[in-house]
Amino acid sequence: MTSLRTLMRGRSELGVAAGLGVTALVVAVDAANIRHTAISSGAMGPQVVPAIIALGLALSAIALTVTVLRGGHGEQEDGEDIDLSQGAHWPTLLGLGGLILLTALLMNILGFVISSALLFVGASILLGSRRYVLSLLIGAALAAATFYGFVLGLGIPLPAGLLTGIL
């Protein structure tokens, strides 16, 4: 008799299918518990879109399960200049995680533009760039454009921090 480990070898996509199924169940339960109010009473109600999403997730889970059990599997991605036999470079990953955490901690103090520009510069340096001034200019331009896109375009306030009164 074949063991479960032998039977499941090469079928890791079933974990993704299970995750989709659990997500579909959670969305369906949440959709069923949405209360109708006088404001939300209409032709369709507030439960329709979450129910459609839950159905789509469930159908995707079923389709993926059937495909995997029939022998289908995803192909490993071919990298153009990446050696897929090498493992992750943990110092870079941990450095990027630390930068993101530091950005979150300093966002209110420094402001969105400065902290985001520093995040861009730090990430580019960790990923191998040695063009510090260019990275700083690009980071500042992207951060300022994003800041004004949110504040002026969408009406969502972002912290200005040290640049309060300037931006």
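Computed from a predicted structure; not experimentally measured.

Novice: Please clarify how the nonpolar core should be interpreted in this entry.
Specialist: A general trend in soluble globular proteins is that nonpolar side chains are found buried together. Met 107, Phe 112, Val 113, Ala 143, Phe 147 and Ala 160 together form the largest nonpolar core, which totals 6 residues. Elements with a minimum of two residues in this core: helix 5 (112–126) and helix 6 (132–154).

Novice: Is there a simple way to think about the environment of Gly 95 in this case?
Specialist: Along the chain, Gly 95 falls in helix 4 (residues 90–110). We classify Gly 95 as partly exposed; its relative accessible area is 22%. Counting along the chain gives 31 residues from Gly 95 to Leu 126, while the straight-line C-alpha distance between them is 7.2 Å.

Novice: Can you walk me through helix 6 in this structure?
Specialist: Because an α-helix packs 3.6 residues into every turn, residues spaced three or four apart end up facing the same way. With 23 residues, helix 6 should reach 33 Å at 1.5 Å per residue; the first-to-last C-alpha distance of 31 Å fits that figure. Looking at helix 6, one finds that the buried residues are Ser 135, Gly 139, Ala 143 and Phe 147. Where helix 6 terminates, the next one or two residues include Gly 155, which has phi positive at roughly 75°.

Novice: Before we go on, may I ask you to explain the packing of helix 2 (residues 13–32) against helix 3 (residues 48–69) in this structure?
Specialist: Geometry of a packed helix pair, given as the angle between the helix axes and the separation of the axes. Where helix 2 contacts helix 3, the axes come no closer than 8 Å and their chain directions differ by 160°. With respect to helix 3, the axis of helix 2 lies roughly antiparallel. The chirality of how helix 2 crosses helix 3 is left-handed. Each of Glu 13, Leu 14, Val 16, Ala 17, Leu 20, Gly 21, Thr 23, Ala 24, Val 27, Ala 28 and Ala 31 in helix 2 lies in contact with helix 3, whose residues at this interface are Pro 50, Ala 51, Ile 53, Ala 54, Leu 57, Ala 58, Ser 60, Ala 61, Leu 64, Thr 65, Val 68 and Leu 69.

Procedures and definitions
Residues numbered from 1 in each chain as written. Predicted model: local features only at pLDDT ≥ 70, side-chain atom pairs only at ≥ 80, totals over all residues. Heavy atoms only, no water. Core = buried A, V, L, I, M, F, W, Y, C linked by side-chain atoms within 4.5 Å. Buried < 20%, exposed > 50% of the residue type's maximum accessible area, 1.4 Å probe, protein only. Helix = DSSP H or I, 4+ residues; strand = E, 2+ residues; numbered from the N terminus. Expected span 1.5 Å × (residues − 1). Axes fitted to C-alpha atoms, helices over the stretch in contact; angles between N-to-C directions. Parallel < 35°, antiparallel > 145°, perpendicular 65-115°, else oblique. Left-handed = near helix turned anticlockwise from the far one by under 90°. Contact = heavy atoms within 4.5 Å.

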